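Chain by chain, the residues:
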Amino acid sequence: MNKTVADLASRWLTRKPETLSDVEHKVLQSAIDRKAVSRNVNESVELHESTSDRLADGIARIGGSWRFILAFLAFLVVWTGLNAWLLGRDSFDPYPFIFLNLILSMLAAIQAPIIMMSQNRQAERDRIDAAHDYAVNLKAEIEIMALHEKLDEIRFQEIILLRDQLRELTEQVGRLAAPASGSAPAR
């Protein structure tokens with residue numbers, strides 16, 4: 001049985017083929033070709049990553065970790081302790097720690113855009129994952145509908161076969177009962 005994307009679109013999606021998205025068209029074609037649509041999205045995303053993308057992800061991963069937060073908190077405690085109490089008048093950054101504020105501002109100015117780049121990349125990756133999930137779910141639904149059609153066809157053929165067998169049995173019983181009813185005594 002030759003199926004086309006147009007046939008499947010009208011039968012299973014109840015839509016015209018020209019209204020299908022690229023993903024839906026590919027899924028229907030994969031159903032015709034009996035090919036899988038699932039793939040490892042991580043591999044395809046990693047193939048397109050640049051060095052700067054991986055660097056931004058690494059910085060965001062480190063900057064958003066408890067290890068970094070605790071280490072930076074320890075650095076701040078050491079800095080303020082060293083400049084406020086231990087060095088006294090000879091401290092290189094006396095209270096109100098203007099140099100420390102400059103360092104923190106520069107760190108924030110550099111770290112914030114890098115983290116946003118990583119978040120944008122993660123959002124793009126999430127969109128790719130969602131599109132892939134849609135394709136896999138649509139393919140699963142189409143395959144389930146195809147199985148239902150096959151089961152309905154098998155059931156229909158069995159019903160026709162049972163009807164024919166029942167007709168034959170009825171005819172056989174009728175033939176067996178006809179001679180017996182003619183020889184039986186009348187009441």
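For the structure, see preceding data.
Residues numbered from 1 in each chain as written. Predicted model: local features only at pLDDT ≥ 70, side-chain atom pairs only at ≥ 80, totals over all residues. Heavy atoms only, no water.

## Regarding the overall build of the protein
As a reminder of what qualifies: Only DSSP runs of H or I with at least four residues qualify as helices, and only runs of E with at least two residues qualify as strands; both kinds are numbered from the N terminus onward. In this setup the radius of gyration rests on C-alpha atoms only. A globule is expected at 2.2 Å times the number of residues raised to 0.38. Each residue is placed in one exposure class: buried if its accessible area under a 1.4 Å probe, protein chains only, is under 20% of its type's maximum, exposed if it is over 50%, and partly exposed if it falls in between. Should any heavy atoms of two residues lie within 4.5 Å, those residues are counted as being in contact. Surface accessibility follows the Shrake-Rupley procedure with a 1.4 Å probe radius. Residue values consider only the protein chains on display as shielding. Under the counting rule used here, the positive set is Lys and Arg, the negative set is Asp and Glu, and His together with the chain ends is not counted. Where a charge lies is defined by one atom per residue type: Lys uses NZ, Arg uses CZ, Asp uses CG and Glu uses CD.
Of regular secondary structure, the protein possesses six helices and zero strands. If you list the helices and strands of the protein from N to C, you get α-α-α-α-α-α. In terms of C-alpha radius of gyration, the protein reaches 37 Å, well past the compact-globule figure of 16 Å for 187 residues. C-alpha atoms of the protein, sized along the principal axes, occupy 135 × 45 × 25 Å. Relative to its full complement of 187 residues, the protein shows a buried share of 19%. A separation of at least 24 residues holds for 64% of the contacts in the protein among residues at least 6 apart in sequence. Surface accessibility of the protein: about 14,400 Å² in total, with carbon and sulfur atoms responsible for 63%. Charge-centre separation for the protein: the mean point of 22 positive side chains lies 4 Å from the mean point of 25 negative side chains.

## Description of the pattern of salt bridges
A side chain of one charge can pair with a side chain of the opposite charge if their charged atoms are brought near each other. The condition that has to hold: Think of a salt bridge as a Lys or Arg side-chain nitrogen and an Asp or Glu carboxyl oxygen that are within 4 Å of each other.
Scanning the model with the defined rule gives ten salt bridges in all. The salt bridge partner of arginine 121 is aspartate 57, with a shortest N-O separation of 2.4 Å. Placement of arginine 121 in helix 6 (residues 98-183) and of aspartate 57 in helix 4 (residues 51-63) is noted, with a sequence separation of 64 residues between them. Using a relative accessible area of 22% as the deciding quantity, one classes arginine 121 as partly exposed. Taking the shortest distance from any N to any O, the salt bridge between lysine 139 and glutamate 143 comes out at 4.0 Å. A residue pair is termed a helical-turn pair when its members lie 3 or 4 positions apart in one helix, as lysine 139 and glutamate 143 do in helix 6 at four residues.

## Let's talk about the nonpolar core
To keep it simple, the criterion reads: By convention a nonpolar core is built from buried Ala, Val, Leu, Ile, Met, Phe, Trp, Tyr and Cys residues, the set being connected through side-chain atoms within 4.5 Å.
Grouped together as the largest cluster of nonpolar side chains are 13 residues, with contacts concentrated most on Leu20, Leu28 and Ile142. Setting aside chain neighbours within four positions, we find leucine 28 in contact with Val5, Leu8, Ala9, Leu13, Leu20 and Ile142.

## A few points about unusual backbone geometry
Generally, phi is negative for residues other than glycine and the peptide bonds are trans, each holding for most cases. Omega for the peptide link from tyrosine 95 to proline 96 comes to 20°, which places this bond in the cis form. With respect to the helices and strands, the residue proline 96 is situated in the loop between helix 5 (66-86) and helix 6. Here arginine 34, not a glycine, exhibits a phi torsion of approximately 55°, which is positive. Mapping arginine 34 onto the fold places it in the loop between helix 2 (22-33) and helix 3 (41-47). Among the residues examined, arginine 34 registers a relative accessible area of 56% and is labelled exposed. With phi around 60°, phenylalanine 97 is a residue other than glycine that occupies positive phi space. Checked against the element boundaries, phenylalanine 97 lands in the loop between helix 5 and helix 6.

Geometric values such as these leave the question of function open.
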